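Each chain is listed here by its residues.
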Amino acid sequence: MSRYLHGLGWGVVALAAAVALVSLRPPLTMQPFVAQVVALRTFMTLGWGLLGLLLLATALLRRRLARSRAGRASSSSRAGLRTGALGLVLVLVALAHGGVLLGRGMSLGPLETSDTSSDTPSDKAAFTVMSLNTEREDAPVQAVAETARAVQADVVVLPETTAAYGEELAGLLRGAAGELTVYTAVSPPYGWNDEDGDGADDDSGAHHGIDPVRATTVLVSERLGGYRQTEGVAGAGRGMVVLEPVDGSGPVITGVHTYPPVPGLMGEWRSSLTTVAGLCQDPPEGLVMVGDFNATRDHALLRDLHACASAGEQAGVGGLATWPTHTGTRLLGATIDHVLVDASAWVGQSGEVLTLPQTDHRAVVVRLGKA
């Protein structure tokens, strides 16, 4: 009986260790529950680490107690062995999770901005992109303007934001950032079918009380030249803004916001993320795709970026949490807001993740330069 219990104990240890090891690169990341858990690598780093240290401390305590009671009997040498072995595995797993995050970038320093006085109006060799989900426009527009002005943003991508909010923001930034043109795309209500072809995907509804969650708004500085808005890819989620440079030179700017992986929308989340991530398989030359992807680099569809690169990771901030803000720190949460670029055209030079009031997302700011 004792041998059976001994074997059972090691079986439990092996199972727990296997679960921890699988968490490093789990399968089924696009399925319910796993999709939510895999996004929280920072919490797994902390959780596995604390649990591992607790188990190691418990094993050490048990070993000392056993030795004090039984002298140096052989049984005392095995006390706490299983607990200690599991604790060691969990600590190593936590270190591996932390290594992944450090590799993606955990820089808490300020953005390295350029001397704008030396930039010519047509200089497109380097520019700054800022992304912020305003949480249905709850983020005060004045706070967004102050942040965009401080980081010298040339492109501002705002998921869950209508054209009216964008126009107000452009007005506040006028002068400091020159003239900014506002572009908006509005997705139809969930489950809506355009049988009469009334064009609900454009921004015509932005001033008629639409839910901001359906809108994505992008502001572009005149420094990057003229842009024209083209139709976004169907099935990309909640408003995709696609902007092409009129003169054919410069970044192709795409603002995105996929559906979230929540009950009732898992299929739509997978479909919209597949559509958005698919743009990186053969991206338009100079692509800069920015916004709320509602997925981390640990989800299967973003593990391989094909011809794209994560500019946030290149800039050293790709491991910082962009959601939710209520954790109180950029070191805990999920990195679901991204700046993905055509790897042959652009590279992230510096970056910063910033907390603004009254929104559950943090702003992602990346300075891009020629690759």
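Residues numbered from 1 in each chain as written. Predicted model: local features only at pLDDT ≥ 70, side-chain atom pairs only at ≥ 80, totals over all residues. Heavy atoms only, no water.

As for unusual backbone geometry
Which entries qualify depends on this criterion: Each helix is a run of H or I in the DSSP string that is no shorter than four residues. Each strand is a run of E no shorter than two, and both are numbered from the N terminus.
Put simply, W323 and P324 share a cis peptide bond, and its omega is -10°. Looking at the secondary structure, you find P324 in the loop between α10 (311-314) and β10 (337-342). In this model, F33 sits at a positive phi of 70°, which is unusual for a non-glycine residue. One can find F33 in the loop between α1 (2-22) and α2 (34-38). Backbone geometry at Q152 places phi at a positive 60°, although glycine is not the residue there. As for its placement among the helices and strands, Q152 is situated in the loop between α6 (141-150) and β2 (155-159).

Quick word on helix α5 (residues 81-104)
Our working definition: By this rule the span expected of a helix is its residue count minus one, scaled by 1.5 Å.
The terminal C-alpha atoms of α5 lie 35 Å apart, and with 24 residues this matches the ideal 34 Å at 1.5 Å per residue to within 8%. Once α5 ends, the next one or two residues include G105, with phi positive near 115°.

With respect to the sheet that holds strand β11 (residues 346-354)
Operational definition: Here, any two strands with at least 2 DSSP bridges between them count as paired. Whenever a helix is involved, its axis is fitted only over the stretch in contact; in every case the axis is a line through C-alpha atoms, and angles between N-to-C directions fall within 0 to 180 degrees.
Reading across from one edge, β3-β4-β2-β1-β12-β11 is the order of the 6 strands in this open sheet, with mixed pairing throughout. Looking at which strands have only one partner, the edges of the open sheet turn out to be β3 (180-186) and β11. For this sheet, the mean angle separating the axes of adjacent strands, direction not counted, is 15°. Two elements, β3 and strand β4 (residues 215-221), share 7 bridges in a ladder whose sense is antiparallel. Bridge assignment links L180 to a residue of β4, and that residue is S221.

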